[in-house]
Amino acid sequence: MNKEIIKIFDTTLRDGEQSPGASMNTEEKIQIAAQLERLGVDIIEAGFAAASPGDFDAIEKISQKVERSTVCSLARAIDADVKAAGEAIAKAKMKRIHTFIATSPIHMEYKLKMKPDEVIKRAVRAVEYARTFVEDVEFSCEDAGRSDIGFLKEISDAVIEAGASTINLPDTVGFRLPFEIGAMVKEMSEYTKGRAIISVHNHNDLGLGVANSLEAIMNGARQVECTINGLGERAGNAALEEIVMALKVRSDVFKDFDTHINTKEIYPTSRLIATITGIEPQPNKAIVGKNAFAHESGIHQDGMLKNKETYEIIRPEDIGLDMTDTLVLGKHSGRAAFKDKLGKLGFDLDDDAINRAFERFKILADRKKEIYDDDIRALVTNEMTKATQVYEIVSLQLMDCSEGVPSAAVKIRREGKEIIDASIGGGTIDAVFKAIDRITGYQGELEDYKVKSVSEGKDALANVTVKVSFNGEPAIIGHGLNIDTMLASARAYIGALNSYLSMEGKLKERPHKVIL
Ligand code: KIV
Ligand code: ZN
């Protein structure tokens, strides 16, 4: 029997990016989009084109690269947004505009300050205008979970008539319970049958995003919107890997449905997102958490040895996790083996980028005995974030970390010139960052500092993530990677400054103090 395909609409690059601290640069987004395509998602929501020139640029580049998935941009129901979305995805092989407006009484009255009939007019205009750019238009009733079902039907009739082929019903605030989502989806899919696909987009504020999505599928939804690792605003969005694996593992229940997802790409995709964003899934996170396949108790271990199915409902290899092959390369590995490994980890790099990464790998292999998949992921993603390098750390010397006053001397390169300066600080990291401030003339406000070891062993790489605000503007994330934690910290801080300076016009603005 032919199974019905549930379309997987991935919004990691749009709603996922709205997770605090999850912002990604263009090169990182392109790598993620390539991996999402390999994973087999039907639709990649690549961003919100009107949000910033950076978002537009990333969507445009993703559109030129992706071939097998539909590339989509979000747009408010405003002409300028729809135009930006249409232009950003113009070069995509398969393209979609996703436009939305709020439909719940509370949003219409307080946020939009609009009457329901005005909301319908705006929605219709947006869909009609979107159809002048693309054939495939999705319309979302923002806060559908708290909207009146009669109004949902009325606005759906109008936007379908205007040319929308997908009606998305987001539970924007994650308020609904599975039986309520099921009832709403059933009524709406019966009402729109044969005219549009019903989609759901469930937020996870009550921890029910995945359960609500599965209930929606049972009741007629044929598209689910979700993110890798459940990234997203507040408590996040329904996790793609959990929805897909529930459909697969419980195919006895979901026997009529299938997806295009290659589940063996789930784990590599999850690792790529965690490495790029610096946001690790909690250890006990279903499917992709570090402990998802770890059996600690003696009774469980005994059962596993006798028959894995006693305690394991998913085989690690089904999600692309090879429990026996985490140790990968060493200092004698050649470029060909390294390149092959990059491919297996989902990186699609040009020759120059491979050569740069290989050089860094060799330097690391001289200092670190065993190199793991996660080391390579960190190495390569770190290289990507360096695309726009204005300042570069040349060397770092710490002068007193135990007694007395911590102090640091830093040498930085800018446009071929090397500048050195030193500072004291409340602690060593404070001294390092202040020395950098003295050289660059930008006083960064450190809002967050995190250090994580990338793989195992005393010689593990330190991956430092900082959140820094420059000139009182919204904070920027920077990542730094090194065996030496202080050097990784300095690189993370300079990385954040480089990202800040790569924003439009920033380099032209003079800092309050320049010592060059
Ligand atoms: O949560 C939400 O309502 C959204 C829409 C823009 C689809 O993200
Ligand atoms: Zn959302």
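Before any of the text, the structure's been laid out above.
Fair warning: this is a prediction, and the values are worked out from it, not measured in the lab.

Draft legend 1. Broad picture of the pairing of strand β18 (residues 476-482). Among the seven residues of β18, seven are classified as buried, and the element is accordingly described as predominantly covered. Because side chains alternate across β18, one face comprises the buried residues I476, G478, G480 and N482, and the other comprises I477, H479 and L481, equally buried. Taken together, the seven bridges between strand β17 (residues 462-470) and β18 define a ladder with antiparallel strand orientation. When the bridges of β18 are listed, A462 appears paired with N482. Two successive antiparallel strands, β17 and β18, enclose a turn made up of five residues, where N471 displays a positive phi of approximately 55°.

Draft legend 2. Local environment of a nonpolar patch on the surface. A surface patch of nonpolar side chains, amounting to about 310 Å² of accessible area, comprises L177, F179 and L206. Tracing the sequence through the fold places L177 in the loop between β7 (166-171) and α7 (178-192).

Draft legend 3. Broad picture of empty space enclosed by the protein. Applying the stated rule across the entire model yields three cavities of 30 Å³ or more. Reported here for the largest cavity is a volume of approximately 60 Å³. Taken together, ten residues line the largest cavity, and the ones lying closest to its centre are T275, A378, T381, N382 and H479. When its residues are assigned to classes, the lining of the largest cavity shows three nonpolar, six polar and one charged.

Draft legend 4. Up close: the sheet that holds strand β16 (residues 444-453). The three strands are arranged β16-β17-β18 in an open sheet whose pairing can be described as antiparallel. Because the sheet does not close on itself, it has two edges, and the strands there are β16 and β18. Across the sheet, the axes of successive neighbouring strands diverge by a mean angle of 20°, strand direction being ignored.

Draft legend 5. Highlighting the site of ligand 1. As a structural note, the neighbourhood of ligand 1 is formed by R14, D15, H98, F100, S140, E142, P170, T172, H201 and H203. Here an oxygen atom of ligand 1 sits 2.6 Å away from a polar atom, N or O, in the side chain of T172. A distance of 3.0 Å separates an oxygen atom of ligand 1 from a polar atom in the side chain of H203. In isolation ligand 1 offers 260 Å² of accessible surface; the protein chains occlude 94% of this area. Looking at the shell around ligand 1, the elements that each hand over two or more residues are β5 (95-102) and β6 (136-142). For the shell around ligand 1, the class distribution of residues is two nonpolar, five polar and three charged.

How each quantity is defined
Residues numbered from 1 in each chain as written. Chains lettered and ligands numbered in written order. Predicted model: local features only at pLDDT ≥ 70, side-chain atom pairs only at ≥ 80, totals over all residues. Heavy atoms only, no water. Buried < 20%, exposed > 50% of the residue type's maximum accessible area, 1.4 Å probe, protein only. Helix = DSSP H or I, 4+ residues; strand = E, 2+ residues; numbered from the N terminus. Pairing = 2+ DSSP bridges. Patch = residues over 30% accessible without salt bridge, like charges linked within 9 Å, V, L, I, M, F, W, Y side chains within 5 Å. Areas by Shrake-Rupley, 256 points an atom, 1.4 Å probe, with all protein chains shown as cover. Salt bridge = Lys/Arg side-chain N within 4 Å of Asp/Glu carboxyl O. 1 Å grid on protein atoms, 1.4 Å probe; cavity = no way out; pocket = protein on both sides within 12 Å on 5 of 7 lines; lining within 4 Å. Points joined across faces, edges and corners; volume = space filled by probe spheres on them. Nonpolar A, V, L, I, M, F, W, Y, C, P; charged D, E, K, R; others polar. Axes fitted to C-alpha atoms, helices over the stretch in contact; angles between N-to-C directions. Near = heavy atom within 4 Å. Polar contact = N/O pair within 3.5 Å; in protein donor to acceptor, adjacent residues only side chain to side chain.

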